[in-house]
Amino acid sequence: MGREEHRLGIAYSASVSPESPISREPSPMEDGGDRSSAKKARLQPPPGFRVKQEVPAEEEEEEVQAEQQQEEASGGRALMAVDAAAAAARSEQVTVRIDRDMLHCPLCTLPLKPPIFQCEVGHLACGGCHGQLPTNQCHSCVGGGGAAYARCPAMDAFVGKVVVPCPHQAHGCGASVAYYQAADHGSACPHAPCPCTEPGCAFAGSPPALLAHLAAPPHSWPVDEVRYGETLRLRVPEHEARRLLLAAAEEDSGAGAGADPSVFVLAVGDRAARIVPVAVACVRAPGAAAAGPQYTCKMWATGGKGAATGKVESVLVDTEVPSAASAGGEEDEEAAFLPVPRKMLRGASRQLLLSVRIDRASS
């Protein structure tokens, strides 16, 4: 029987009227029987009544404690549900449109970033401009001698929460940064596109996309597959100034899941010069170059036999591979190159016999 029933049980009187449905047997005095063998009156409760039963104190106390624990557990779950709902509400984001000028300093027109200062009238100034002012007076107020500037923590917090996607989102970057950090992030983003260097072409894309673009008409650059640690032998005709080298897909499998294969450009300089420069560069954004991996290149060219010695002439260079943001391969003017004497060019077509080996640099 439940505890609630114990407390709410109704006691009723044992005395009954003749019309009462409670029946009783004759008493021992009435039938003259022996008192010791007499049967006691058995009372039958009216329909719908429950008899109060006494419960031991220890059992009742255990039931009370169980109910309290159940209530506390239910309250804890409810509190956790409320806390989770509050956290979800706090992290909820909305997309809004805002005038660009509201996020830029009115003095230097650059994006506002902490610390931000505001005068009593409401004019703003970024920390850089405020530090260059001769006084702490607002120069946006009439006459240039308005109210004094003070730090504005509210604006500091606001601009820190204005988040925009990376400008290179279309090229694979999924980062979101504060608006005032977007330019710096974009310049260092490893997903920044690489532009085509062909005259009049405005294409820009990831290194694999750039390779596909340059290999197709109207550019039709030649493409060769290179494997790290293996020598690739090439015959480069006179009219060919650029050649693309694509790392085999399995070669870059260790760069991470979904990593694109590396693209290199082989650039050959003016063959009318006394020394023809030949260089190799990895086509990737500056941010990707900083993140790695790094490469080394061993490159050598062979010519004909020397008239005096009869030995085959050759020149060799062993150098680090620089990075290039475009397929021109000429960004790093200080990078080492292979100096090929003009006399080593073969035949009337002035063909260049070249061997290239690219390795991953050990960390």
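About the thresholds
Residues numbered from 1 in each chain as written. Predicted model: local features only at pLDDT ≥ 70, side-chain atom pairs only at ≥ 80, totals over all residues. Heavy atoms only, no water. Helix = DSSP H or I, 4+ residues; strand = E, 2+ residues; numbered from the N terminus. Buried < 20%, exposed > 50% of the residue type's maximum accessible area, 1.4 Å probe, protein only. Contact = heavy atoms within 4.5 Å. Pairing = 2+ DSSP bridges. Axes fitted to C-alpha atoms, helices over the stretch in contact; angles between N-to-C directions. Arc of directions from axis to C-beta. Phe/Tyr/Trp six-rings, centres within 6.5 Å; stacked < 30°, edge-to-face > 60°. Lys NZ or Arg CZ within 6 Å of the ring centre and 35° of its normal. pLDDT = per-residue confidence, 0-100.

Novice: An account of the overall build of the protein is needed here, citing residue identities and associated values.
Specialist: Across its full length, the protein holds eight helices and 17 strands. Burial analysis of the protein (363 residues in total) assigns 30% to the buried set. Look at the contacts in the protein between residues 6 or more apart in sequence, and 51% of them connect residues 24 or more apart.

Novice: Residues and numbers for the sheet that holds strand 3 (residues 150-151), please.
Specialist: Read from one edge of the open sheet, three strands run 2-1-3, paired in antiparallel fashion. Where the open sheet ends on each side, the last strands, each with one partner, are strand 2 (124-126) and strand 3. For strand 1 (residues 116-118) and strand 3, the ladder comprises two bridges, and the chain directions are antiparallel. Within the sheet, the bridge partner assigned to Gln118 lies in strand 3 and is Ala150. Contacts from helix 5 (residues 153-161) reach strand 1, strand 2 and strand 3, with the element oriented near 135° to strand 1.

Novice: So, helix 5: which residues are in play, and what are the values?
Specialist: Every buried residue of helix 5 is accounted for by Met155, Asp156 and Val159. Down the axis of helix 5, the buried side of the element spans an arc of 105°, and every buried residue falls inside it. Helix 5 presents Pro153, Ala154 and Lys161 as exposed residues on the side facing more than 90 degrees away from its buried surface. Where the residues of helix 5 are buried, they touch strand 1, strand 2, strand 3 and strand 5 (176-178).

Novice: Please set out the packing of aromatic side chains residue by residue, giving values where relevant.
Specialist: By the definition in use, this model includes two aromatic pairs. An aromatic cluster is defined as three or more aromatic residues linked by ring pairs; in this entry it consists of Tyr228, Phe264 and Tyr295. One cation-aromatic arrangement involves Arg151 over Phe117; the distance from NZ or CZ to the ring centre is 6.0 Å.

Novice: Kindly report on the confidence of the model for the protein, identifying the contributing residues and their values.
Specialist: Overall, the predicted model of the protein reaches an average pLDDT of 77, with 68% of residues at or above 70. Predicted confidence for residues 1-40 stays below pLDDT 50, and this span has 32 contacts to residues more than four positions away or in other chains.

Novice: A description of unusual backbone geometry should follow, citing residues and the corresponding values.
Specialist: Here the residue pair Pro114 and Pro115 is connected by a cis peptide bond, since its omega of 0° sits within 30 degrees of zero. Within the secondary structure layout, Pro115 lies in the loop between helix 3 (57-91) and strand 1. Between Pro217 and the following residue, Pro218, the backbone shows a cis peptide bond with an omega angle of 10°. Within the fold, Pro218 resides in the loop between helix 7 (207-215) and strand 8 (223-226).

Novice: Quick one: what's the story with the environment of Ala183, residue by residue and with numbers?
Specialist: As for its placement among the helices and strands, Ala183 is situated in helix 6 (residues 182-188). Measuring from C-alpha to C-alpha, the distance between Ala183 and Cys166 comes to 8.8 Å, with 17 residues separating the pair along the chain.

Novice: If you had to explain helix 7 to someone new, which residues and values would you point to?
Specialist: Listing the buried residues of helix 7 in full gives Pro207, Leu210, Leu211, His213 and Leu214. Each buried residue of helix 7 sits inside an arc of 165° when the element is viewed along its axis, so together they form one side. Against the buried residues of helix 7 lie strand 6 (194-195), strand 7 (204-205), strand 8, strand 10 (242-247), strand 11 (263-268) and strand 12 (275-283).

Novice: Account for the pairing of strand 11, with residues named and values stated.
Specialist: Counting buried positions along strand 11 gives six out of six residues, so the element sits mostly inside the fold. Neither face of strand 11 is left uncovered, since the one carrying Val263, Val265 and Ala267 and the one carrying Phe264, Leu266 and Val268 both have all their residues buried. Looking at chain direction, strand 10 and strand 11 are connected through five bridges and run antiparallel. Looking across to strand 11, one finds that Leu245 is bridged to Phe264. Sheet analysis places strand 11 next to strand 12, joined by five bridges and oriented antiparallel. Bridging from a neighbouring strand, Val265 pairs with Ala281 of strand 12. Counted along the chain from strand 11 to the antiparallel partner strand 12, the turn is six residues long.

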